[in-house]
Amino acid sequence: MTFTRQRTRREGGGLIAASAALLAAPTVLRAQTTARVIVIGGGFGGASCARALRQADAKLEVTLVEANKTFTSCPQSNEVIAGLREINAQYFGYDKIAAEGVRVVLQAAAAIDAPAHKVTLADGATLAYDRLVLAPGIDIDFTALQGYDEAASALMPHAYKAGEQTLLLRQQIEAMSDGGTVAIAVPANPSRCPPAPYERASLIAHYLKTYKPKSKVLILDAKDSFSQQKLFEQAWNELYAGMIERIPLSQGGRVTGVEIATRTVVTEFGNYNPDVANIIPPQKAGRIAALAAAADRTGWCPIDAATFASKLLPDVHVIGDACLGGGIPKSAGAAQAQGKACAAVVVRDLTGRSSEPPPLTGICYSLVAPNTAFSLSGVYQPKGDLFAEVEGGRTSSLDAPRSARAAEADAATAWFKALTYDAFG
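Residues numbered from 1 in each chain as written. Predicted model: local features only at pLDDT ≥ 70, side-chain atom pairs only at ≥ 80, totals over all residues. Heavy atoms only, no water.

J.: Residues and numbers for the packing of aromatic side chains, please.
T.: A ring pair, where both rings are aromatic, is described by two values, the distance of the centres and the angle of the planes. Applying the stated criterion to the full structure yields 16 aromatic pairs. Between the aromatic rings of F232 and F374, the centroid separation amounts to 4.9 Å while the plane-to-plane angle is 85°, which identifies the pairing as edge-to-face. Of the two residues, F232 is situated in helix 7 (residues 229–239) and F374 in strand 25 (residues 372–383); the sequence distance between them amounts to 142 residues. Accessibility expressed as a relative area gives 0% for F232, which makes it buried. For F374, a relative accessible area of 1% gives the class buried. One aromatic cluster is present, built from ring pairs that chain together F44, F71, F92, Y94, W415, F416 and F424. (Phe/Tyr/Trp six-rings, centres within 6.5 Å; stacked < 30°, edge-to-face > 60°. Helix = DSSP H or I, 4+ residues; strand = E, 2+ residues; numbered from the N terminus. Buried < 20%, exposed > 50% of the residue type's maximum accessible area, 1.4 Å probe, protein only.)

What follows is the structure, given as structure tokens:
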């Protein structure tokens with residue numbers, strides 16, 4: 001699944017320790033600095049926010065703090081699982097962002113002292129800020145399902161943070177004998193990219209139909225209904241008849257735990273022993289959000305939707321999947337749109353410029369076969385502390401011809417190229 005804000009014309013510092021991995025901005029830029037903004041998290045939201053800040057005002061000292069040298073994209077990772085794409089196509093670096101004058105610190109943020117306006121890095125060095133933007137993405141909640149911890153994910157991968165887990169799930173499916181079952185445990189909302197598990201089921205079914213036609217996909221679902229359900233079910237009937245079975249919440253589909261020793265998946269009304277188990281647990285805001293006390297009891301970060309300002313910390317904004325966002329989905333494109341809008345807010349607050357962030361307008365694609373996709377667009381505006389969908393959205397027609405589905409698959413590919421270029425250059 002994908003989501004992106006469209007271009008409006010188409011609708012559509014301190015010094016740090018030498019041990020820090022740092023791509024520094026030219027000293028001339030630092031000499032002109034009027035305010036310091038730190039962005040923690042180099043995913044689609046954080047990278048886009050950092051770039052938008054620098055583009056809006058070159059006098060800002062913008063620092064992007066990210067633990068990993070290379071970012072691995074979740075969008076299109078379902079294609080990697082299904083053998084339609086290689087993992088290296090998911091890798092993106094930060095060199096171009098650094099070349100634009102953003103200071104890129106390749107370290108984890110270890111602590112945040114909001115009253116003192118300081119970020120402590122993994123090596124103990126500190127960075128001072130005037131404004132802080134948190135874009136930590138998600139972490140897997142390893143306390144949510146009985147028996148499912150980080151060690152268990154090495155046997156029953158979640159593959160909901162792209163990289164090693166993506167490849168592990170792919171390898172398990174490739175090694176499965178024909179006639180086997182791949183089970184996908186789907187969590188309740190809020191969750192990262194809610195349609196993604198159903199896209200995953202579709203593309204795994206495509207692989208099985210091609211290479212292991214006696215096999216099947218079993219969806220164990222903690223929800224009774226889901227976004228674009230009729231479109232997915234229509235595609236399953238047309239493309240993968242008899243290969244995909246879904247057990248919803250009301251029929252006992254919610255997974256409550258696992259038994260690793262026997263490779264058993266436990267639900268409220270029965271147990272399953274699939275050949276491959278893709279366990280997607282509930283999630284929460286990335287670890288630094290909890291360390292900073294930006295997350296509440298839900299595990300997510302409450303914000304003022306109009307400004308992305310944390311409701312728990314002063315001079316801190318939170319964007320992307322980590323937010324309690326309401327109607328706006330937790331997805332890469334939504335995070336990117338929020339990053340740009342948040343940058344506009346921060347520049348306005350720090351410089352006094354008149355700037356009103358636009359509504360978040362976007363489109364979401366779901367790929368169900370290599371040349372078959374459908375989409376859902378929406379417009380989102382602040383309503384109280386959350387985002388609400390307003391009129392103007394649309395979804396693909398159930399009776400669209402195959403040519404239209406193929407055109408949307410091409411559009412999804414073009415979207416990904418635009419999204420990654422916009423974020424990483």
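We are not done yet, so read on.
J.: How would you sum up the pairing of strand 9 (residues 118–121)? Please name residues and give values.
T.: In strand 9, alternate side chains face the same way, and those of V119 and L121 are buried while those of K118 and T120 on the opposite face are not. Direction of pairing for strand 8 (residues 109–113) relative to strand 9: antiparallel, over a ladder of 4 bridges. Across the sheet, residue A109 finds its bridge partner in strand 9, namely L121. Hairpin connection from strand 8 to strand 9: 4 residues lie between these consecutive antiparallel strands, with H117 at a positive phi of about 55°. As judged from the 3 bridges shared by strand 9 and strand 10 (residues 126–128), these two strands associate in the antiparallel manner. Across the sheet, the residue bridging to V119 is L127, located in strand 10. Counting the residues between successive antiparallel strands, the hairpin from strand 9 to strand 10 contains 4 residues, one of them, G124, with a positive phi of roughly 95°. (Pairing = 2+ DSSP bridges.)

J.: Now, about the nonpolar core: what can you tell me, with residues and values included?
T.: I40 and L53 are the most contacted members of the largest nonpolar core, which totals 106 residues. Broken down by element, the residue count for this core peaks at 8 residues, all from helix 9 (residues 332–351). Here L53 is in contact with V37, V39, L60, V62, A343, V346 and V347, once residues within four sequence places are set aside. With 14 residues, the next largest nonpolar core counts A152, L218, V258 and V265 among its residues. (Core = buried A, V, L, I, M, F, W, Y, C linked by side-chain atoms within 4.5 Å. Contact = heavy atoms within 4.5 Å.)

J.: Would you mind going over the packing of helix 2 (residues 44–56) against helix 10 (residues 402–424) in detail, with residue names and values included?
T.: In the contact formed by helix 2 and helix 10, the axes pass within 7 Å of each other and the chain directions differ by 55°. The angle between the axes of helix 2 and helix 10 places the two elements in the oblique class. From helix 2, F44, A47, S48 and R51 reach across to helix 10, where they touch L419, T420, Y421, D422, A423 and F424. Residues that form the contact of helix 2 with helix 10 fall into these classes: 6 nonpolar, 2 polar and 2 charged. (Axes fitted to C-alpha atoms, helices over the stretch in contact; angles between N-to-C directions. Parallel < 35°, antiparallel > 145°, perpendicular 65-115°, else oblique. Nonpolar A, V, L, I, M, F, W, Y, C, P; charged D, E, K, R; others polar.)

J.: Could you give an account of the sheet that holds strand 13 (residues 181–186), with specific residues and numbers?
T.: Across the sheet, 4 strands lie side by side as 15-14-13-19; this open sheet has parallel pairing. Two strands lie at the open edges of the sheet, namely strand 15 (244–247) and strand 19 (276–279), each paired on one side alone. Adjacent strand axes in the sheet meet at a mean angle of 15°, parallel and antiparallel pairs treated alike. As paired elements, strand 14 (residues 216–221) and strand 15 share 4 bridges and run parallel to each other. The partner of V217 across the bridge, within strand 15, is I244.

J.: Lay out helix 5 (residues 164–175) in plain terms, naming residues and giving numbers.
T.: Given a rise of 1.5 Å per residue, 12 residues ought to cover 16 Å, and the 16 Å separating the end C-alpha atoms of helix 5 matches this to within 8%. Turning to helix 5, its buried residues number three or more, namely Q165, T166, L169, R170, Q172 and I173. Down the axis of helix 5, the sector holding all buried residues measures 160°, keeping them to one side. Those residues of helix 5 that are exposed and angled more than 90 degrees off the buried face are E164 and A175. Elements that come into contact with the buried residues of helix 5 comprise helix 3 (77–81), strand 13, helix 6 (196–211) and strand 19. (Expected span 1.5 Å × (residues − 1). Arc of directions from axis to C-beta.)

J.: Tell me what's going on with the pattern of salt bridges, and back it up with residues and numbers.
T.: If you walk through the whole model with that rule in mind, you get 15 salt bridges. A salt bridge links E61 to R103; the nearest nitrogen and oxygen atoms lie 3.4 Å apart. Highlighted residues: E61 in strand 4 (residues 61–65) and R103 in strand 7 (residues 103–105), separated in sequence by 42 residues. For the residue pair E61 and R103, the accessibility class agrees, reading buried in each case. The residue R131 makes a salt bridge to D315 at a minimum N-O spacing of 3.5 Å. With R131 in strand 11 (residues 131–134) and D315 in the loop between strand 22 (309–310) and strand 23 (316–318), the pair connects residues that are 184 residues apart, well separated along the chain. (Salt bridge = Lys/Arg side-chain N within 4 Å of Asp/Glu carboxyl O.)

J.: Residues and numbers for the sheet that holds strand 8, please.
T.: Strand pairing within a sheet occurs via backbone hydrogen bonds; the two strands may be parallel or antiparallel. Taken together, 3 strands build an open sheet; the order of strands is 8-9-10 and the sheet is antiparallel. Single-partner strands in this sheet number two, and they are strand 8 and strand 10. Going across the sheet, the axis of each strand differs from the next one's by a mean of 20°, ignoring polarity.

Read these as geometric descriptors, not functional statements.
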